[in-house]
Amino acid sequence: MTAEPGVLVTLRGGLGNQLFEYAAALRAMRETGLSTYELLFVESWYSPDITDFIDVIARHPTRGDRARWSELAEQPGPLRPLLRRTAQVHERRTPRLVVAQYSPFAPPPSLPVGQLVKLDTFCQHPGWWQDDWRTVVAALLERAHAGYEELVQQRRTVINLRQRADYIRETWQLPLAYYDRLMGELAQSGVEEVVIQADEPAFLPWFQRLVESAGLRVIDHVDLTGEPARDDFWNLAAGSTLAIPNSTFSWWAAAVATARDDGARVLYPTRWLPNRWTSTPIPDMGLPGWTSLPSHLEDFDLRPAFTRRADDV
């Protein structure tokens, strides 16, 4: 690794977001012809992170990084304004092409050959990952936990539930209508028993009653690692039928299942999230062969407030 990697990527969000960002790094290296990269943990309070699942070159920022990159100059204290202004000046002087995108679903720009690049984006648009997701999945499977292959042979149906506090706050949680449709799809396809998992265990009793009211039997997941998030990932990735929410964590588990067995069935929601970022539609997040179900999520009105009022008159 050289002192100045060709592609520098800030890692934001949890594991699923980080995997998309790593896929974007692979794309950026291929397009620019550069051979080195480095991942920087900007937001590191999520657990587990990408280094728990694949072998990548990643590190936490140093003081020097905070002097160069404006979004890393976020240390609390009286010097924070000065650090941020200094970093903004240095960022404008950097020889790197800085790709900073507000929308998680912004498409990738063209990257010139030989240009040093810094990516600051969630990279969820398919243009960032569609040519590299299998490479990322292969890296995940290289470190699959002992017992994973045996779990695959059980050909189970796994439902992941995302009702986390941030999803509720941002109105991203899937409504009951989505899960009603999901239960019907599973019952009609002959599924009799399911594994259910949730970020917030308090929702499990409610969801189990919903599952059982559809005539399905709930079975236990298998402890592979003793760490809940890792166990959820590999239990989901081992399923033959997967029902995933609008979660990047679940998306990558489903991608592992799809790459392992192109006959694996994945049910996923569309639209993926309410669109509060762009006037263009959020792209479909499904991989070939996945089955979409209507999410019943509504987009936000992105017009300026004065325009909305004028149109309503």
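Just so it is clear, the model here is predicted, and its values are computed rather than measured.

What counts, and at which threshold
Residues numbered from 1 in each chain as written. Predicted model: local features only at pLDDT ≥ 70, side-chain atom pairs only at ≥ 80, totals over all residues. Heavy atoms only, no water. Helix = DSSP H or I, 4+ residues; strand = E, 2+ residues; numbered from the N terminus. Buried < 20%, exposed > 50% of the residue type's maximum accessible area, 1.4 Å probe, protein only. Contact = heavy atoms within 4.5 Å. Core = buried A, V, L, I, M, F, W, Y, C linked by side-chain atoms within 4.5 Å. Axes fitted to C-alpha atoms, helices over the stretch in contact; angles between N-to-C directions. Parallel < 35°, antiparallel > 145°, perpendicular 65-115°, else oblique. Left-handed = near helix turned anticlockwise from the far one by under 90°. Phe/Tyr/Trp six-rings, centres within 6.5 Å; stacked < 30°, edge-to-face > 60°.

Participant: Could you give an account of the overall build of the protein, with specific residues and numbers?
Facilitator: In terms of helices and strands, the protein carries twelve helices and eleven strands. When the 313 residues of the protein are sorted by exposure, 49% land in the buried category. Here the analysis covers contacts within the protein between residues at least 6 apart in sequence; of these, 67% occur between residues at least 24 apart.

Participant: Residues and numbers for the nonpolar core, please.
Facilitator: By size, the foremost hydrophobic cluster in this structure holds 66 residues, and its most contacted members are F233, W251 and W252. Counting residues per element, this core draws most heavily on helix α1 (residues 15–32), which supplies ten residues. Setting aside chain neighbours within four positions, we find F233 in contact with L15, F53, L140, F249, W252, A253 and V256. L174, Y179, L210 and V211 belong to the second largest nonpolar core, which has 20 residues in total.

Participant: Now, about the packing of helix α8 (residues 176–188) against helix α9 (residues 204–213): what can you tell me, with residues and values included?
Facilitator: Running from amino to carboxyl end, α8 crosses α9 at an angle of 40°, the nearest separation of the two axes being 10 Å. In terms of their interaxial angle, α8 and α9 are classed as oblique. The interaxial crossing formed by α8 with α9 has right-handed handedness. Contacts from L176, Y179, D180 and M183 in α8 reach W206, F207, L210 and V211 in α9.

Participant: Outline the packing of aromatic side chains, supporting the account with residue identities and numerical values.
Facilitator: Following the criterion strictly, the structure yields 20 aromatic pairs and no others. With 5.8 Å between their ring centres and 55° between their planes, Y22 and Y37 make a pair best called tilted. Of the two residues, Y22 is situated in helix α1 and Y37 in strand β2 (residues 37–41); the sequence distance between them amounts to 15 residues. As far as burial versus exposure is concerned, Y22 and Y37 are alike and both buried. Ring centres 4.9 Å apart and planes at 75° place the aromatic pair W251 and W252 in the edge-to-face group. Each residue in the set F20, W129, W251, W252, Y268 and W290 is aromatic and connected to the rest through ring pairs, giving one cluster.

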